[in-house]
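Fold and contact review
Letter by letter, the chains look like this.
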Amino acid sequence: MEEQLKDAKKKQLGNPEAKLENLTFFLIKFYTIPIALLIQARKPDKIPKWGFQADEHMEPLHCLDMDNQTQVSEFILLGLSQQPLQRQVFFSLSCILYLSGCLGNLLTILAIILDPHLHSPMYFFLSNLSLLDICFTSTTIPKMLVNHLCGLTTISFSACLAQMYFFITFGAADSMLLSAMAYDRYLAICSPLHYMTIMSVLRCTLLVVIPWISANLISMVHTILMSHLSFCTNRIPHFFCDINALIKLSCSDTQVNEMLVLVLGGPVVLISFVCIMASYTPIAVTVWKVPSVQGRWKAFSTCGSHLCVVCLFYGTIIGVYFNPASTHTTQRDMAATVMYTMVTPMLNPFIYGLRNRDLKGALQKLLLSKNPFAQPL
(Lines give C-alpha, C1' and ligand atoms only; values in the text may rest on other atoms or scores of the structure.)
Protein backbone atom coordinates (compact mmCIF):
# COMPACT_ATOMS: atom_id res chain seq x y z
CA MET A 1 0.00 0.00 0.00
CA GLU A 2 2.80 2.41 0.91
CA GLU A 3 4.63 1.62 -2.31
CA GLN A 4 1.49 2.40 -4.33
CA LEU A 5 1.13 5.78 -2.56
CA LYS A 6 4.77 6.60 -3.27
CA ASP A 7 4.35 5.66 -6.94
CA ALA A 8 1.19 7.78 -7.19
CA LYS A 9 2.98 10.75 -5.56
CA LYS A 10 5.92 10.43 -7.96
CA LYS A 11 3.56 10.32 -10.94
CA GLN A 12 1.69 13.39 -9.66
CA LEU A 13 4.93 15.33 -9.18
CA GLY A 14 6.11 14.31 -12.61
CA ASN A 15 2.84 15.30 -14.24
CA PRO A 16 3.14 18.76 -15.93
CA GLU A 17 -0.57 19.50 -15.33
CA ALA A 18 -0.15 18.85 -11.63
CA LYS A 19 2.87 21.15 -11.52
CA LEU A 20 0.92 23.87 -13.33
CA GLU A 21 -1.98 23.49 -10.92
CA ASN A 22 0.31 23.76 -7.89
CA LEU A 23 2.06 26.81 -9.36
CA THR A 24 -1.27 28.51 -10.11
CA PHE A 25 -2.49 27.89 -6.57
CA PHE A 26 0.72 29.33 -5.15
CA LEU A 27 0.50 32.48 -7.30
CA ILE A 28 -3.11 33.06 -6.32
CA LYS A 29 -2.22 32.85 -2.64
CA PHE A 30 0.87 35.03 -3.15
CA TYR A 31 -1.06 37.89 -4.79
CA THR A 32 -4.44 37.78 -3.08
CA ILE A 33 -3.22 37.76 0.52
CA PRO A 34 -1.39 41.15 0.30
CA ILE A 35 -4.33 42.65 -1.64
CA ALA A 36 -6.80 41.45 0.99
CA LEU A 37 -4.62 42.92 3.75
CA LEU A 38 -4.46 46.24 1.88
CA ILE A 39 -8.24 46.42 1.45
CA GLN A 40 -8.80 45.43 5.08
CA ALA A 41 -6.41 48.18 6.20
CA ARG A 42 -8.54 50.72 4.34
CA LYS A 43 -11.76 49.41 5.96
CA PRO A 44 -11.54 49.42 9.77
CA ASP A 45 -13.96 47.22 11.67
CA LYS A 46 -15.67 50.17 13.31
CA ILE A 47 -16.34 51.95 10.05
CA PRO A 48 -19.55 51.16 8.13
CA LYS A 49 -19.21 49.37 4.82
CA TRP A 50 -20.08 52.43 2.76
CA GLY A 51 -17.13 54.42 4.19
CA PHE A 52 -19.06 57.45 5.47
CA GLN A 53 -21.38 58.24 8.29
CA ALA A 54 -24.97 57.27 7.78
CA ASP A 55 -27.66 59.89 8.04
CA GLU A 56 -31.36 59.71 8.66
CA HIS A 57 -32.14 59.48 4.94
CA MET A 58 -30.05 56.42 4.26
CA GLU A 59 -31.19 52.91 4.93
CA PRO A 60 -28.57 50.78 6.68
CA LEU A 61 -26.90 48.16 4.53
CA HIS A 62 -26.88 44.59 5.74
CA CYS A 63 -24.99 42.01 3.75
CA LEU A 64 -27.29 39.21 2.73
CA ASP A 65 -26.45 35.68 1.77
CA MET A 66 -25.69 35.11 -1.88
CA ASP A 67 -28.96 33.19 -2.26
CA ASN A 68 -30.98 36.23 -1.11
CA GLN A 69 -29.25 38.81 -3.29
CA THR A 70 -31.09 40.18 -6.31
CA GLN A 71 -29.96 42.41 -9.15
CA VAL A 72 -31.71 45.78 -8.88
CA SER A 73 -33.39 47.18 -11.99
CA GLU A 74 -33.10 50.85 -10.99
CA PHE A 75 -31.45 53.11 -8.42
CA ILE A 76 -32.79 56.03 -6.40
CA LEU A 77 -30.54 59.10 -6.40
CA LEU A 78 -30.96 60.93 -3.09
CA GLY A 79 -29.35 64.10 -4.49
CA LEU A 80 -27.41 66.86 -2.78
CA SER A 81 -29.98 67.35 -0.03
CA GLN A 82 -33.37 66.13 1.16
CA GLN A 83 -34.45 69.54 2.48
CA PRO A 84 -36.78 71.37 0.02
CA LEU A 85 -35.22 74.80 0.57
CA GLN A 86 -31.68 73.50 0.22
CA ARG A 87 -32.68 71.58 -2.91
CA GLN A 88 -33.93 74.82 -4.49
CA VAL A 89 -30.67 76.60 -3.64
CA PHE A 90 -28.53 73.76 -4.96
CA PHE A 91 -30.63 73.58 -8.12
CA SER A 92 -30.11 77.29 -8.83
CA LEU A 93 -26.37 77.16 -8.15
CA SER A 94 -25.91 74.00 -10.23
CA CYS A 95 -27.83 75.48 -13.13
CA ILE A 96 -25.77 78.70 -13.06
CA LEU A 97 -22.46 76.86 -12.81
CA TYR A 98 -23.38 74.43 -15.58
CA LEU A 99 -24.62 77.05 -18.03
CA SER A 100 -21.68 79.36 -17.31
CA GLY A 101 -19.17 76.56 -17.79
CA CYS A 102 -20.74 75.29 -21.00
CA LEU A 103 -21.02 78.78 -22.48
CA GLY A 104 -17.43 79.69 -21.59
CA ASN A 105 -16.02 76.43 -22.91
CA LEU A 106 -18.12 76.56 -26.08
CA LEU A 107 -17.00 80.13 -26.85
CA THR A 108 -13.39 79.09 -26.25
CA ILE A 109 -13.68 76.24 -28.76
CA LEU A 110 -15.34 78.45 -31.39
CA ALA A 111 -12.80 81.25 -30.96
CA ILE A 112 -9.87 78.84 -31.38
CA ILE A 113 -11.40 77.15 -34.44
CA LEU A 114 -12.34 80.38 -36.23
CA ASP A 115 -9.11 82.31 -35.59
CA PRO A 116 -6.15 81.02 -37.68
CA HIS A 117 -3.70 82.78 -35.36
CA LEU A 118 -4.71 80.42 -32.55
CA HIS A 119 -3.90 77.23 -34.45
CA SER A 120 -0.95 76.35 -32.24
CA PRO A 121 -0.26 73.49 -29.78
CA MET A 122 -1.26 75.46 -26.68
CA TYR A 123 -4.69 76.35 -28.06
CA PHE A 124 -5.12 72.88 -29.51
CA PHE A 125 -4.81 71.47 -25.98
CA LEU A 126 -7.03 74.21 -24.58
CA SER A 127 -9.82 73.46 -27.07
CA ASN A 128 -9.68 69.76 -26.16
CA LEU A 129 -9.80 70.65 -22.46
CA SER A 130 -12.90 72.77 -23.09
CA LEU A 131 -14.55 69.90 -24.98
CA LEU A 132 -13.76 67.49 -22.15
CA ASP A 133 -15.16 69.91 -19.56
CA ILE A 134 -18.44 70.21 -21.47
CA CYS A 135 -18.74 66.42 -21.73
CA PHE A 136 -17.67 65.90 -18.11
CA THR A 137 -20.31 68.21 -16.64
CA SER A 138 -22.99 67.11 -19.11
CA THR A 139 -22.68 63.52 -17.89
CA THR A 140 -24.13 64.28 -14.45
CA ILE A 141 -25.56 67.81 -14.08
CA PRO A 142 -28.39 67.73 -16.68
CA LYS A 143 -29.75 64.50 -15.19
CA MET A 144 -29.74 66.07 -11.73
CA LEU A 145 -31.51 69.22 -12.98
CA VAL A 146 -34.15 67.22 -14.89
CA ASN A 147 -34.79 65.03 -11.84
CA HIS A 148 -35.40 68.14 -9.75
CA LEU A 149 -37.74 69.76 -12.29
CA CYS A 150 -39.75 66.58 -12.94
CA GLY A 151 -39.71 65.34 -9.35
CA LEU A 152 -37.96 62.13 -10.35
CA THR A 153 -35.18 60.45 -8.42
CA THR A 154 -34.78 57.13 -10.22
CA ILE A 155 -32.27 56.00 -12.83
CA SER A 156 -32.24 52.59 -14.51
CA PHE A 157 -29.42 50.15 -13.87
CA SER A 158 -28.12 50.36 -17.45
CA ALA A 159 -28.32 54.16 -17.47
CA CYS A 160 -26.48 54.25 -14.15
CA LEU A 161 -23.65 52.13 -15.55
CA ALA A 162 -23.53 54.30 -18.68
CA GLN A 163 -23.34 57.45 -16.57
CA MET A 164 -20.52 55.96 -14.48
CA TYR A 165 -18.67 54.90 -17.64
CA PHE A 166 -18.71 58.34 -19.25
CA PHE A 167 -18.01 60.10 -15.95
CA ILE A 168 -14.84 58.07 -15.40
CA THR A 169 -13.84 58.42 -19.07
CA PHE A 170 -14.11 62.21 -19.25
CA GLY A 171 -12.70 62.72 -15.74
CA ALA A 172 -9.63 60.55 -16.36
CA ALA A 173 -8.99 62.09 -19.79
CA ASP A 174 -9.33 65.57 -18.25
CA SER A 175 -6.76 64.69 -15.59
CA MET A 176 -4.21 63.36 -18.09
CA LEU A 177 -4.75 66.25 -20.51
CA LEU A 178 -3.94 68.78 -17.78
CA SER A 179 -0.52 67.17 -17.38
CA ALA A 180 0.02 67.36 -21.16
CA MET A 181 -0.84 71.06 -21.07
CA ALA A 182 1.66 71.62 -18.26
CA TYR A 183 4.35 69.84 -20.29
CA ASP A 184 3.51 72.07 -23.27
CA ARG A 185 3.92 75.22 -21.15
CA TYR A 186 7.21 73.91 -19.76
CA LEU A 187 8.64 73.49 -23.26
CA ALA A 188 7.32 76.86 -24.44
CA ILE A 189 8.87 78.79 -21.53
CA CYS A 190 12.00 76.81 -20.69
CA SER A 191 12.95 75.62 -24.22
CA PRO A 192 11.45 78.18 -26.62
CA LEU A 193 14.00 77.58 -29.39
CA HIS A 194 13.20 73.86 -29.60
CA TYR A 195 9.48 74.20 -28.87
CA MET A 196 8.09 73.92 -32.40
CA THR A 197 10.48 71.08 -33.22
CA ILE A 198 9.48 69.04 -30.17
CA MET A 199 5.76 69.83 -30.24
CA SER A 200 5.14 68.50 -33.73
CA VAL A 201 1.68 67.71 -35.06
CA LEU A 202 2.21 64.01 -34.37
CA ARG A 203 3.28 64.56 -30.76
CA CYS A 204 0.39 66.94 -30.08
CA THR A 205 -2.03 64.41 -31.50
CA LEU A 206 -0.57 61.61 -29.38
CA LEU A 207 -0.76 63.75 -26.22
CA VAL A 208 -4.50 64.11 -26.83
CA VAL A 209 -5.35 60.66 -28.24
CA ILE A 210 -3.52 58.67 -25.55
CA PRO A 211 -5.56 60.18 -22.67
CA TRP A 212 -8.80 59.49 -24.54
CA ILE A 213 -7.93 55.84 -25.25
CA SER A 214 -6.50 55.18 -21.78
CA ALA A 215 -9.51 56.74 -20.06
CA ASN A 216 -11.93 54.62 -22.10
CA LEU A 217 -10.05 51.41 -21.28
CA ILE A 218 -9.94 52.23 -17.57
CA SER A 219 -13.63 53.09 -17.52
CA MET A 220 -14.50 49.91 -19.41
CA VAL A 221 -12.77 47.75 -16.80
CA HIS A 222 -14.65 49.44 -13.94
CA THR A 223 -18.00 49.22 -15.73
CA ILE A 224 -17.66 45.54 -16.61
CA LEU A 225 -16.74 44.62 -13.04
CA MET A 226 -19.54 46.78 -11.64
CA SER A 227 -22.12 45.03 -13.85
CA HIS A 228 -21.37 41.72 -12.09
CA LEU A 229 -22.01 43.01 -8.56
CA SER A 230 -25.18 42.37 -6.55
CA PHE A 231 -26.78 45.13 -4.46
CA CYS A 232 -28.70 44.97 -1.20
CA THR A 233 -30.32 48.39 -1.65
CA ASN A 234 -30.94 50.78 -4.52
CA ARG A 235 -30.69 54.07 -2.60
CA ILE A 236 -27.58 56.01 -3.70
CA PRO A 237 -26.65 58.86 -1.30
CA HIS A 238 -25.37 61.00 -4.19
CA PHE A 239 -26.61 63.05 -7.14
CA PHE A 240 -25.08 60.70 -9.73
CA CYS A 241 -23.85 57.13 -10.07
CA ASP A 242 -20.41 57.44 -8.52
CA ILE A 243 -18.21 54.35 -8.52
CA ASN A 244 -17.45 54.63 -4.80
CA ALA A 245 -21.13 54.98 -3.91
CA LEU A 246 -22.04 51.90 -5.96
CA ILE A 247 -19.24 49.83 -4.46
CA LYS A 248 -20.42 50.72 -0.97
CA LEU A 249 -23.99 49.63 -1.76
CA SER A 250 -22.93 46.19 -2.95
CA CYS A 251 -23.21 43.05 -0.87
CA SER A 252 -20.87 41.16 -3.19
CA ASP A 253 -17.14 40.82 -2.65
CA THR A 254 -15.79 44.22 -3.79
CA GLN A 255 -12.11 43.75 -2.98
CA VAL A 256 -11.15 43.62 -6.67
CA ASN A 257 -13.21 46.73 -7.43
CA GLU A 258 -11.66 48.68 -4.57
CA MET A 259 -8.18 47.51 -5.52
CA LEU A 260 -8.64 48.66 -9.13
CA VAL A 261 -9.82 52.10 -7.98
CA LEU A 262 -6.38 52.47 -6.41
CA VAL A 263 -4.36 50.64 -9.07
CA LEU A 264 -5.97 52.28 -12.11
CA GLY A 265 -6.93 55.60 -10.56
CA GLY A 266 -3.64 56.20 -8.76
CA PRO A 267 -1.50 56.68 -11.88
CA VAL A 268 -4.18 58.78 -13.60
CA VAL A 269 -4.53 61.24 -10.72
CA LEU A 270 -1.36 61.10 -8.65
CA ILE A 271 1.18 60.77 -11.48
CA SER A 272 -0.57 63.49 -13.50
CA PHE A 273 -0.49 65.82 -10.50
CA VAL A 274 3.20 65.12 -9.89
CA CYS A 275 3.97 65.78 -13.58
CA ILE A 276 2.16 69.12 -13.40
CA MET A 277 4.07 70.21 -10.31
CA ALA A 278 7.36 69.02 -11.87
CA SER A 279 6.60 71.08 -15.00
CA TYR A 280 5.68 74.26 -13.15
CA THR A 281 8.76 74.19 -10.87
CA PRO A 282 11.30 75.03 -13.65
CA ILE A 283 8.73 77.46 -15.09
CA ALA A 284 8.72 79.34 -11.79
CA VAL A 285 12.53 79.38 -11.74
CA THR A 286 12.64 80.76 -15.29
CA VAL A 287 10.01 83.39 -14.57
CA TRP A 288 11.91 84.51 -11.48
CA LYS A 289 14.83 85.46 -13.72
CA VAL A 290 12.71 87.86 -15.79
CA PRO A 291 14.25 91.35 -15.34
CA SER A 292 10.96 93.24 -15.59
CA VAL A 293 9.05 93.35 -12.33
CA GLN A 294 5.75 93.85 -14.16
CA GLY A 295 6.41 90.93 -16.51
CA ARG A 296 7.48 88.74 -13.60
CA TRP A 297 4.34 89.58 -11.63
CA LYS A 298 2.10 88.91 -14.66
CA ALA A 299 3.72 85.54 -15.28
CA PHE A 300 3.48 84.53 -11.63
CA SER A 301 -0.16 85.62 -11.55
CA THR A 302 -0.98 83.46 -14.57
CA CYS A 303 0.92 80.41 -13.28
CA GLY A 304 -0.54 80.88 -9.81
CA SER A 305 -4.12 80.89 -11.10
CA HIS A 306 -3.40 77.74 -13.12
CA LEU A 307 -1.97 75.98 -10.09
CA CYS A 308 -4.91 77.03 -7.89
CA VAL A 309 -7.41 75.41 -10.25
CA VAL A 310 -5.19 72.32 -10.64
CA CYS A 311 -4.84 71.92 -6.85
CA LEU A 312 -8.59 72.36 -6.40
CA PHE A 313 -9.33 69.71 -9.04
CA TYR A 314 -6.79 67.11 -7.95
CA GLY A 315 -7.07 67.85 -4.23
CA THR A 316 -10.79 67.18 -4.10
CA ILE A 317 -10.47 64.01 -6.20
CA ILE A 318 -7.68 62.67 -3.97
CA GLY A 319 -9.77 63.51 -0.90
CA VAL A 320 -12.77 61.55 -2.21
CA TYR A 321 -11.14 58.48 -3.79
CA PHE A 322 -7.73 58.00 -2.16
CA ASN A 323 -8.28 58.84 1.50
CA PRO A 324 -8.87 56.24 4.25
CA ALA A 325 -12.53 55.36 4.71
CA SER A 326 -12.44 56.55 8.32
CA THR A 327 -12.03 60.19 7.17
CA HIS A 328 -15.11 60.16 4.89
CA THR A 329 -18.44 61.81 5.67
CA THR A 330 -21.43 62.25 3.38
CA GLN A 331 -21.35 66.05 3.52
CA ARG A 332 -17.59 66.32 2.99
CA ASP A 333 -17.58 63.94 0.03
CA MET A 334 -20.55 65.72 -1.52
CA ALA A 335 -18.89 69.15 -1.20
CA ALA A 336 -15.64 67.86 -2.70
CA THR A 337 -17.53 66.23 -5.57
CA VAL A 338 -19.31 69.50 -6.36
CA MET A 339 -15.91 71.22 -6.55
CA TYR A 340 -14.39 68.94 -9.18
CA THR A 341 -17.59 68.26 -11.15
CA MET A 342 -19.04 71.80 -11.30
CA VAL A 343 -16.66 74.50 -10.06
CA THR A 344 -13.38 73.63 -11.80
CA PRO A 345 -14.94 73.00 -15.25
CA MET A 346 -16.62 76.40 -14.94
CA LEU A 347 -13.35 78.10 -13.91
CA ASN A 348 -11.16 76.56 -16.62
CA PRO A 349 -12.27 78.79 -19.55
CA PHE A 350 -11.88 81.90 -17.41
CA ILE A 351 -8.49 80.93 -15.94
CA TYR A 352 -6.92 79.51 -19.10
CA GLY A 353 -8.77 81.65 -21.65
CA LEU A 354 -9.77 85.11 -20.48
CA ARG A 355 -6.34 85.78 -18.97
CA ASN A 356 -4.81 85.22 -22.41
CA ARG A 357 -4.65 88.36 -24.57
CA ASP A 358 -4.76 86.55 -27.93
CA LEU A 359 -7.73 84.42 -26.97
CA LYS A 360 -9.50 87.41 -25.47
CA GLY A 361 -9.11 89.26 -28.78
CA ALA A 362 -10.43 86.26 -30.69
CA LEU A 363 -13.47 86.11 -28.39
CA GLN A 364 -14.18 89.79 -29.00
CA LYS A 365 -14.05 89.24 -32.75
CA LEU A 366 -16.34 86.23 -32.40
CA LEU A 367 -18.92 88.12 -30.34
CA LEU A 368 -18.81 91.40 -32.30
CA SER A 369 -18.74 89.90 -35.78
CA LYS A 370 -22.08 89.71 -37.59
CA ASN A 371 -21.14 86.50 -39.41
CA PRO A 372 -18.14 84.90 -37.63
CA PHE A 373 -18.48 81.59 -39.52
CA ALA A 374 -17.83 83.36 -42.83
CA GLN A 375 -14.25 84.09 -41.77
CA PRO A 376 -11.62 81.92 -43.43
CA LEU A 377 -10.33 79.08 -41.27
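Refer to the preceding data block for the structure.
Keep in mind it's a predicted model, so treat the numbers as computed, not measured.

1. Some remarks on the overall build of the protein chain
A count of helical and extended segments in the protein chain gives 13 helices and 3 strands. Taken across its 377 residues, the protein chain has 43% of its residues classed as buried. Intrachain contacts of the protein chain at a sequence separation of at least 6 include 80% that bridge at least 24 residues. Total accessible area on the protein chain stands at roughly 20,600 Å², and carbon and sulfur atoms take up 68% of it.

2. Let's talk about the state of the cysteines
If you walk through the whole model with that rule in mind, you get 2 disulfides. The partner cysteine of cysteine 160 in its disulfide is cysteine 241, sulfur to sulfur 2.0 Å. Taking the torsion about the S-S bond as the criterion, the cysteine 160 to cysteine 241 disulfide, at about -125°, is left-handed. In this pair, cysteine 160 sits in helix H6 (residues 157-190) while cysteine 241 sits in the loop between strand S3 (235-236) and helix H9 (243-249), placing the two residues 81 residues apart along the sequence. Look at cysteine 241 and you get buried, because its relative accessible area is 1%. Here the disulfide map of the protein chain reads 1-3, 2-4, the bonded cysteines being numbered as they appear in the sequence. Its sulfur unpaired, cysteine 135 is 9.3 Å from the next cysteine sulfur, which belongs to cysteine 102.

3. Some points on the sheet that holds strand S1 (residues 74-77)
The strands that make up a sheet are held in pairs by hydrogen bonds between backbone atoms, and each pair lies either parallel or antiparallel. Ordered by their spatial adjacency, 3 strands build an open sheet running S2-S1-S3, and the pairing between neighbours is mixed. With partners counted over all chains shown, the strands left at the sheet margins are strand S2 (154-156) and S3, one partner each. For S1 and S2, the ladder comprises 3 bridges, and the chain directions are antiparallel. Of the residues in S2, the one forming a bridge with isoleucine 76 is threonine 154.

4. A short note on the packing of aromatic side chains
Taken as a whole and assessed by the stated rule, the structure comprises 14 aromatic pairs. For the ring pair phenylalanine 167 and tyrosine 340, a centre distance of 6.3 Å and an interplane angle of 50° mean the geometry is tilted. One end of the pair, phenylalanine 167, is in helix H6; the other, tyrosine 340, is in helix H12 (residues 330-353), and 173 residues separate them in sequence. For phenylalanine 167, a relative accessible area of 6% corresponds to the buried category. Relative accessible area serves as the criterion here: at 2%, tyrosine 340 is assigned to the buried category. Grouping aromatic residues by their ring pairs yields a cluster made of Phe136, Phe167, Phe239, Phe240, Tyr321 and Tyr340.

5. So, the pattern of salt bridges
This structure, assessed with the given rule, holds 1 salt bridge. The salt bridge involving arginine 185 is made with aspartate 184; its shortest N-O contact spans 3.0 Å. Since its relative accessible area comes to 1%, aspartate 184 is described here as buried.

6. With respect to the packing of H6 against helix H8 (residues 201-227)
The angle between the axes and the distance between the axes are what describe a pair of packed helices. Packing of H6 against H8 brings their axes to within 8 Å, and their N-to-C directions diverge by 150°. Judged by the inter-axis angle, H6 sits roughly antiparallel to H8. H6 and H8 meet at a crossing whose hand is right-handed. Here the contact of H6 with H8 is built from residues that sort into 20 nonpolar, 7 polar and 1 charged.

7. Notes on the nonpolar core
Ranked by internal contacts, the top residues of the largest apolar core, which has 87 residues, are Phe75, Met226, Phe231, Ile236, Phe239 and Leu246. Among the elements that make up this core, the one with the highest residue count is H6 (16 residues). Ignoring anything within four residues of it in the chain, the contact list for isoleucine 236 reads Phe75, Ile76, Leu77, Leu78, Cys160, Cys241, Ala245, Leu246 and Leu249.

8. A short note on the environment of isoleucine 318
Checked against the element boundaries, isoleucine 318 lands in helix H11 (residues 293-321). Its relative accessible area of 23% is what places isoleucine 318 among the partly exposed residues. Non-local contacts of isoleucine 318, meaning those with residues more than four positions away in its chain, are made with Val269, Leu270 and Asn323.

9. What to know about a nonpolar patch on the surface
Side chains of Val209, Ile213, Leu217, Met220 and Ile224 sit close together on the surface and give an oily, nonpolar patch of about 430 Å² of accessible area. Secondary-structure assignment places valine 209 in helix H8.

10. A few points about the environment of valine 261
Note that valine 261 resides in helix H10 (residues 255-288). A relative accessible area of 9% means that valine 261 is categorised as buried. Note: C-alpha distance between valine 261 and histidine 222 (39 residues apart in sequence) is 8.1 Å.

Reading the values: rules and limits
- Residues numbered from 1 in each chain as written.
- Predicted model: local features only at pLDDT ≥ 70, side-chain atom pairs only at ≥ 80, totals over all residues.
- Heavy atoms only, no water.
- Helix = DSSP H or I, 4+ residues; strand = E, 2+ residues; numbered from the N terminus.
- Buried < 20%, exposed > 50% of the residue type's maximum accessible area, 1.4 Å probe, protein only.
- Contact = heavy atoms within 4.5 Å.
- Areas by Shrake-Rupley, 256 points an atom, 1.4 Å probe, with all protein chains shown as cover.
- Disulfide = S-S within 2.5 Å.
- Pairing = 2+ DSSP bridges.
- Phe/Tyr/Trp six-rings, centres within 6.5 Å; stacked < 30°, edge-to-face > 60°.
- Salt bridge = Lys/Arg side-chain N within 4 Å of Asp/Glu carboxyl O.
- Axes fitted to C-alpha atoms, helices over the stretch in contact; angles between N-to-C directions.
- Parallel < 35°, antiparallel > 145°, perpendicular 65-115°, else oblique.
- Left-handed = near helix turned anticlockwise from the far one by under 90°.
- Nonpolar A, V, L, I, M, F, W, Y, C, P; charged D, E, K, R; others polar.
- Core = buried A, V, L, I, M, F, W, Y, C linked by side-chain atoms within 4.5 Å.
- Patch = residues over 30% accessible without salt bridge, like charges linked within 9 Å, V, L, I, M, F, W, Y side chains within 5 Å.

Any functional reading would require information beyond the geometric quantities listed.
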